[in-house]
Every structure is written in structure tokens, then in C-alpha cells.
Amino acid sequence: METLKATEELVRAGFIVLPYMNADPILALRLQDVGAAAVMPLGSPIGSNQGILTAFQIEIIIAQARIPVVVDAGIGAPSHAALAMEMGADAVLVNTAISVAGDPVAMARAFAQAVEAGRTAFVAGMGSRSKQAHASSPLEGTLAADLGFLS
Amino acid sequence: MFSAPDFQQLRQTIGRCTSADVEQALSAGTCDSNDLAALISPAAEPYLPVMARRSALLTAQRFGRTTQLYAPIYLSNYCTNRCAYCGFAVNNKITRRCLTLDEAEAEAAILHERGFQHILLVAGEAEKIVGVNYLEAIALRLRPKFAAISIEVQPLSTAHYQRLFQAGVTAVAVYQETYDQEMYQQVHLAGNKKDYHFRLETPARVAAAGMREVGIGALLGLTDWRAEGLALGLHLAWLRKNFWSTAVTVSFPRLRPATGAFAPLVPVSEQNLSQLIFGLRLFDPDVGLLLSTREEARYRDGMLGLGPTRYSAGSCTAPGGYSSADQTEGEQFSVGDQRTVEEVSLAIAAKGFDPVSKDWDSAFQH
């Protein structure tokens with residue numbers, strides 16, 4: 001709630017506000033309503049390099065938002081950045097993972113490639129996931145409703 | 001603001017859809033507007049039973065095994081518009097009447113007695129007769145008796161919608177009739193309703209006023225129902241993105257015989273209507289879908305649980321119709337399902353669903 005109040009106050013004072021926030025879908029909408037220029041949900045605790053542990057919430061935030069969604073915090077490996085971009089995030093914000101790498105420049109390049117791959121995959125349209133195998137003609141034998149009542 | 005969709009482009013998008021697109025839409029976890037185009041395209045027709053099943057599962061998931069019930073009260077059939085398809089059109093020689101506040105309350109008392117908690121107040125568009133003061137006075141009188149009060153009247157301003165919300169109106173229905181601008185001009189011959197854009201922007205004004213619910217819809221039978229359906233989907237998605245705290249419902253009035261005998265320009269079959277309903281359910285699992293008594297009992301019974309969430313019942317579409325002996329004098333359209341609310345409730349229960357008369361309380365508003 002304090003993030004929301006601060007955003008409202010700062011927007012009113014003329015700032016462009018990019019709030020870092022917990023991955024709460026309703027908070028994201030309310031931040032959008034008070035004039036945030038983007039929302040920046042965390043993937044996992046800041047500096048933890050744990051990756052995107054809030055994927056379900058971030059997916060909802062992305063589906064609902066009309067402002068950019070930047071996944072921030074917890075991104076510890078290029079694969080995490082790629083995942084965020086595949087989900088449809090507009091950008092990722094990475095610090096710790098690059099600054100503590102053995103070769104920060106090479107690591108930054110690896111992140112750039114991952115972001116590009118993830119974005120390309122999102123734009124290309126990802127197939128949906130399933131726990132079960134699917135026949136190549138997926139709709140054969142699917143349960144169907146009886147529409148015999150139609151005239 | 002939601003901008004008018006290019007109707008020809010919508011038709012082309014739909015026309016290009018193949019069965020592969022339909023299969024992709026049916027296997028996707030969520031549907032975007034391209035998937036909706038595929039689902040309401042001719043290519044999806046062979047998949048109708050599969051779509052129905054999917055639609056039924058989603059509806060049960062989001063709404064439970066329930067069907068909400070409501071009834072309209074026609075307040076007035078005065079109208080300053082000349083719409084080619086409507087029985088209330090200013091040039092139609094019918095008996096005109098506007099209920100007094102007492103008469104409106106008497107109609108409402110009859111519906112309350114029958115168990116309704118949700119009413120829809122309907123009036124022709126005649127601002128000087130049915131203005132915001134009149135609607136506000138009625139809402140204030142009816143609020144203690146009803147959990148939800150919807151209105152379907154001429155488009156109003158945001159400030160007027162705010163006033164009505166304060167007075168107890170919970171929802172506003174305003175149908176674009178057709179999203180095809182050319183057809184819109186052809187059938188709206190005179191009156192304020194000729195203004196396509198003012199009407200198109202009305203649902204946003206309703207939501208901006210903080211209404212709990214806004215209803216959109218298209219009058220099926222004027223033009224290509226598939227493109228109309230895709231336009232409805234786009235409008236719905238836009239409202240969701242911009243007004244996340246207002247619920248949206250969609251209605252599918254199909255043209256029926258009216259005084260002035262306007263035959264549908266493009267017939268829409270029950271098959272077509274069902275495809276549109278299932279497609280929209282797959283596109284938006286949370287949207288409320290209405291099926292009124294314009295449709296016949298057989299069709300409404302068959303559709304129970306397959307996608308629609310709200311039915312009107314025991315409806316009369318003439319002002320003062322519930323209290324009068326002749327319920328058809330001066331009506332807007334003739335109803336296709338003549339059953340009483342008890343009969344409709346029994347049909348709902350027979351399918352294993354609960355008829356629900358209340359899903360909101362004014363206490364939530366404060």
C-alpha cells in the first residue's frame with residue numbers, strides 16, 4: 001500500500017514513476033490507475049538470483065496491464081531473463097547477476113541474447129503446455145456436448 | 001477511447017481462418033482476438049460440439065452450476081429515434097405510454113412478488129420524458145426491494161451515470177446494435193441515436209462512473225454476425241483493459257418480428273448464435289452472457305449451462321404490461337419464451353442448475 005501511496009504522490013509531483021513491487025496483480029492495476037509509467041514485479045527476492053518464482057502472478061499482470069511490465073529482481077541467469085520475455089514481459093532489469101559474474105561483459109552479452117530469444121519466441125506465439133501427451137490430431141475423440149436441441 | 005473497428009477488415013480476418021487456426025485456438029490455454037476470429041469463422045462450424053463442451057466447462061468453473069434470473073420493466077415506449085428495426089420507432093403508430101413513479105413501483109412489486117431480485121428498467125430514448133431525474137426517482141424507490149437494478153435507456157453522461165449509481169442503479173446496458181458504421185447509418189434514420197461514436201463511447205462512460213457492471217451487445221440480423229462478434233470481442237477486451245473493476249456482460253438480441261415488420265437483413269440461425277456464444281466464452285471466461293426471452297423455450301433450455309449465465313424470465317416488453325390484461329399492446333418485440341418464472345426455474349433445476357435471483361447486495365457498495 002505504501003508503494004501505491006508513494007506512486008500517487010510522485011506522479012502528482014510530476015515524476016515518471018516506475019514502481020518496483022511485489023508480483024500482486026491487483027496492486028499492478030492500481031499502480032496503473034494512479035499513473036505509474038510501468039510496473040516492475042519481482043521474480044524473487046532482490047539479489048537472490050533465484051529466478052522467476054512468481055510466474056503465475058506475473059502472467060496475470062502481463063495479461064491485464066496496459067503499461068509496460070518490467071520483470072525486476074531475482075533474475076540470476078540468462079535463462080531466467082528468457083523465460084520472462086517468453087511470458088510477454090516488455091523488459092527485464094538485471095544487476096546482481098551481471099555485476100558479480102566472473103566476466104561481466106560476457107555475461108551481459110549472454111543476457112542480451114537471452115532477452116532477444118525470449119522476445120522472438122513470445123512474438124512467434126508459444127504453444128501451450130500440457131501434463132499429458134497429445135495425439136497429432138488433438139481434437140479427435142474430445143468430449144463434445146450434445147447440440148441436438150438446435151433447430 | 002475504443003475506436004470503431006474497420007468492419008471490412010474484421011470480415012477479412014475471419015474469412016482467412018482455417019481449421020488449423022480453429023484447432024490452435026481450441027488447444028490454446030487462453031484465447032486472443034485472432035483465436036476468437038477463428039472460433040466464430042465458418043471453419044469452426046464442424047467443431048461446434050467441442051466448443052460447446054469447452055464453453056460449458058469454463059462457465060461452470062467461473063460461475064458454478066447456476067443461472068441468474070432477471071426481468072425487464074418497460075417504463076416508457078416514447079422514443080425520438082427512428083430505427084428501422086424497432087417497434088418503438090417514432091413513426092410507428094402505437095399507443096405511447098410512460099409509467100408514473102407509482103405505476104413503475106406497482107410493476108416492480110409484481111416482479112418482487114414473483115421472486116425477482118434483479119430488474120432491468122427499459123425505456124425508449126426520449127430524454128424529455130425519461131430523463132435522469134425520472135430514472136433517479138425510480139431507482140431510489142426500488143432500491144430497498146431489489147439487489148440489482150440495471151437500466152437500458154438512452155446514452156447518458158458520466159456525471160449522470162454517477163448520480164444514478166448513487167441512487168441504486170448497479171448496471172447499464174447499452175448495445176451498439178451494429179459495429180458496422182455503414183449499416184449503422186442505414187438503420188438509424190433519425191434522432192440522437194444516429195451518432196455512432198457517442199453510442200460507442202457510452203460503455204466507457206458507464207465504467208468511468210464506477211458502475212458495477214456494463215452490458216454491451218449487437219442486434220443480430222443486421223449484418224455479418226461473425227464480424228459483429230469479433231467487434232464485440234474487441235470492445236469487451238478494451239473495456240477489460242481500461243476498466244478492470246467494472247464487470248462486463250454481452251447480450252445477443254436476435255431480430256424478431258416487431259410492429260413495422262422489419263425482417264432480419266441477414267438471417268442468423270440458432271447454430272450461428274450458439275457459435276458466437278461459445279466463441280466469446282472461450283475468449284473471455286469471466287464475461288456474463290445474457291439470453292433473453294426473445295429466444296424460444298426449446299433453445300434456451302438447450303443452452304442452459306453451455307455458456308449463458310443470465311436469463312430473463314416471464315418478461316413483458318410493453319410499459320405497464322405486468323399489471324395490465326393485454327400484455328402485448330405497445331410492446332417492443334414479441335417474446336419467444338412465454339413461460340412464467342416458475343416454469344423457467346423448474347427447467348433450470350431439471351438440468352441440475354440453481355436458479356439464482358441475487359448475486360449482489362447494495363451493502364457491498366459502501
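Residues numbered from 1 in each chain as written. Chains lettered and ligands numbered in written order. Predicted model: local features only at pLDDT ≥ 70, side-chain atom pairs only at ≥ 80, totals over all residues. Heavy atoms only, no water.

Participant: Quick question: what am I supposed to make of the overall build of chain B here?
Facilitator: From N to C terminus, chain B includes 14 helices and 11 strands. For 366 residues, the compact-globule formula gives about 21 Å, and the C-alpha radius of gyration of chain B, at 19 Å, lands near that figure. Seen through its principal axes, chain B has C-alpha atoms that stretch 60 × 45 × 40 Å. Across the 366 residues of chain B, 58% fall into the buried class. Of the contacts formed within chain B by residues at least 6 apart in sequence, a portion of 75% connects residues at least 24 apart. Working note: accessible area of chain B is about 13800 Å², and carbon and sulfur atoms make up 51% of it. A distance of 1 Å separates the average location of the 34 positive side-chain charges in chain B from that of its 38 negative side-chain charges. (Helix = DSSP H or I, 4+ residues; strand = E, 2+ residues; numbered from the N terminus. Rg over C-alpha atoms; globule rule 2.2 N^0.38 Å. Buried < 20%, exposed > 50% of the residue type's maximum accessible area, 1.4 Å probe, protein only. Contact = heavy atoms within 4.5 Å. Areas by Shrake-Rupley, 256 points an atom, 1.4 Å probe, with all protein chains shown as cover. Lys, Arg positive; Asp, Glu negative; His and termini not counted. Charge placed at Lys NZ, Arg CZ, Asp CG, Glu CD.)

Participant: How should I be thinking about the packing of helix H4 (residues 48-63) of chain B against helix H12 (residues 270-283) of chain B in this particular structure?
Facilitator: The axes of two packed helices give the description: the angle between them and the distance between them. Residue and element names in this part refer to chain B. Following both chains from N to C, one finds H4 and H12 inclined at 50°, their axes separated by 9 Å at the closest point. On the basis of their axis angle, the class for H4 and H12 is oblique. When the axes of H4 and H12 are compared, the crossing they make is left-handed. For the pair H4 and H12, contact is made by Leu 48, Met 51, Ala 52, Arg 54, Ser 55, Leu 58, Thr 59 and Phe 63 and by Gln 271, Ser 274, Gln 275, Phe 278, Gly 279, Arg 281 and Leu 282, respectively. (Axes fitted to C-alpha atoms, helices over the stretch in contact; angles between N-to-C directions. Parallel < 35°, antiparallel > 145°, perpendicular 65-115°, else oblique. Left-handed = near helix turned anticlockwise from the far one by under 90°.)

Participant: Would you take a moment to explain the interface of chain A and chain B for this structure?
Facilitator: The extent of an interface is frequently quoted as the accessible surface area lost upon association of the parts. Counting residues at the interface gives 21 residues for chain A, matched by 24 residues for chain B. Summing both partners gives a buried area of about 1800 Å² for chain A against chain B, and 66% of it is carried by carbon and sulfur. Our count for the contact surface shared by chain A and chain B stands at 0 salt bridges. If you tally residues by element for the side of chain A that touches chain B, the top one is helix H2 (residues 25-33) of chain A, at 5 residues. Here the residues of the side of chain A that touches chain B sort into 13 nonpolar, 5 polar and 3 charged. (Buried area = accessible area lost by both parts, 1.4 Å probe. Salt bridge = Lys/Arg side-chain N within 4 Å of Asp/Glu carboxyl O. Nonpolar A, V, L, I, M, F, W, Y, C, P; charged D, E, K, R; others polar.)

Participant: I'm lost on the packing of aromatic side chains in this one. Help?
Facilitator: Within a pair of aromatic rings, the relevant descriptors are the distance that separates the centres and the angle that separates the planes. All names here are of chain B. Enumeration over the complete set of coordinates arrives at 5 aromatic pairs over all chains. Between Tyr 74 and Phe 88 the ring centres are 6.0 Å apart and the planes differ by 80°, which places this aromatic pair in the edge-to-face class. Separated by 14 residues along the polypeptide, Tyr 74 in strand S1 (residues 66-76) and Phe 88 in the loop between strand S2 (82-83) and helix H5 (101-113) bring together distant segments of the chain. Like Phe 88, Tyr 74 is buried. These aromatic residues form a ring-pair network of at least three members: Phe 2, Trp 238 and Phe 243. Against the face of Phe 198 rests Arg 205, its NZ or CZ located 4.0 Å from the ring centre. (Phe/Tyr/Trp six-rings, centres within 6.5 Å; stacked < 30°, edge-to-face > 60°. Lys NZ or Arg CZ within 6 Å of the ring centre and 35° of its normal.)

Participant: Help me understand the pattern of salt bridges, please; the structure alone is not making it clear to me.
Facilitator: Close approach of charged atoms lets side chains of opposite charge pair. Inspection of the entire model under this criterion finds 23 salt bridges over all chains. Glu9(A) serves as the salt-bridge partner of Arg12(A), at 3.6 Å between the closest nitrogen and oxygen. Within this pair, Arg12(A) and its partner Glu9(A) are both found in helix H1 (residues 2-12), separated by 3 residues, close to a single helical turn. When its relative accessible area of 59% is taken as the criterion, Arg12(A) is described as exposed. The salt bridge partner of Glu213(B) is Arg310(B), with a shortest N-O separation of 2.9 Å. Here Glu213(B) is found in strand S7 (residues 213-217), whereas its partner Arg310(B) is found in strand S10 (residues 310-312), with 97 residues between them in sequence. Taken together, the shared-partner salt bridges connect Glu125(B), Glu177(B), Lys193(B) and Arg199(B) into one network.

Participant: Explain unusual backbone geometry here, please?
Facilitator: What is expected of a backbone is that most residues other than glycine have negative phi and most peptide bonds are trans. All names here are of chain A. The backbone of Asn 49 shows a phi angle near 55°, a positive value even though the residue is not glycine. Mapped onto the elements of the fold, Asn 49 is located in the loop between strand S2 (40-41) and helix H3 (55-64). Backbone geometry places Ala 73, a non-glycine residue, at a positive phi of 80°. Summarising the element assignment, Ala 73 is placed in the loop between strand S3 (70-72) and helix H4 (78-86). Judged by relative accessible area, Ala 73 falls into the buried class, the value being 5%.

Participant: Got a minute to help me understand H5(B) in this structure?
Facilitator: Residues that lie three or four places apart on an α-helix share one face, since the helix turns once every 3.6 residues. Residue and element names in this part refer to chain B. Taking 1.5 Å per residue, 13 residues should reach 18 Å; H5 reaches 18 Å between its end C-alpha atoms and fits that length. The set of residues buried in H5 consists of Ala 104, Glu 107, Ala 108 and Leu 111. One face of H5 carries all of its buried residues, which in axial projection span an arc of 95°. H5 presents Asp 102 and Glu 113 as exposed residues on the side facing more than 90 degrees away from its buried surface. As for H5, its buried residues are in contact with S1, strand S3 (118-123) and helix H6 (132-142). Remark: Gly 115 follows H5 within two positions and exhibits a positive phi of approximately 105°. (Expected span 1.5 Å × (residues − 1). Arc of directions from axis to C-beta.)

Participant: So what exactly am I meant to see when it comes to the side chain of Thr170(B) here?
Facilitator: Residues and elements named next belong to chain B. Counting through the fold element by element, Thr 170 comes out in the loop between helix H7 (158-167) and strand S5 (171-173). On the basis of relative accessible area, Thr 170 is assigned to the buried category, the value being 4%. Those residues in contact with Thr 170 that lie beyond four places of it in its chain are Ala 147, Ala 148, Ile 149, Ser 150, Met 211, Arg 212, Glu 213, Trp 360 and Gln 365.

Participant: Help me out: how do you make sense of the pairing of S3(B) in this one?
Facilitator: Two faces belong to every sheet, and in a regular strand the side chains alternate between them. Residues and elements named next belong to chain B. When you tally the buried positions in S3, you get 6 out of 6 residues, the bulk of the element. Side-chain alternation along S3 places His 118, Leu 120 and Val 122 on one buried face and Ile 119, Leu 121 and Ala 123 on a second face that is also buried. In the sheet, S3 pairs with strand S4 (residues 148-152) via 5 bridges, with the strands oriented parallel. Across the sheet, the residue bridging to Val 122 is Glu 152, located in S4. Note that the unit made of S3, H6 and S4 has a crossover that is right-handed. (Pairing = 2+ DSSP bridges. Right-handed = clockwise from strand over helix to strand, strands pointing away.)

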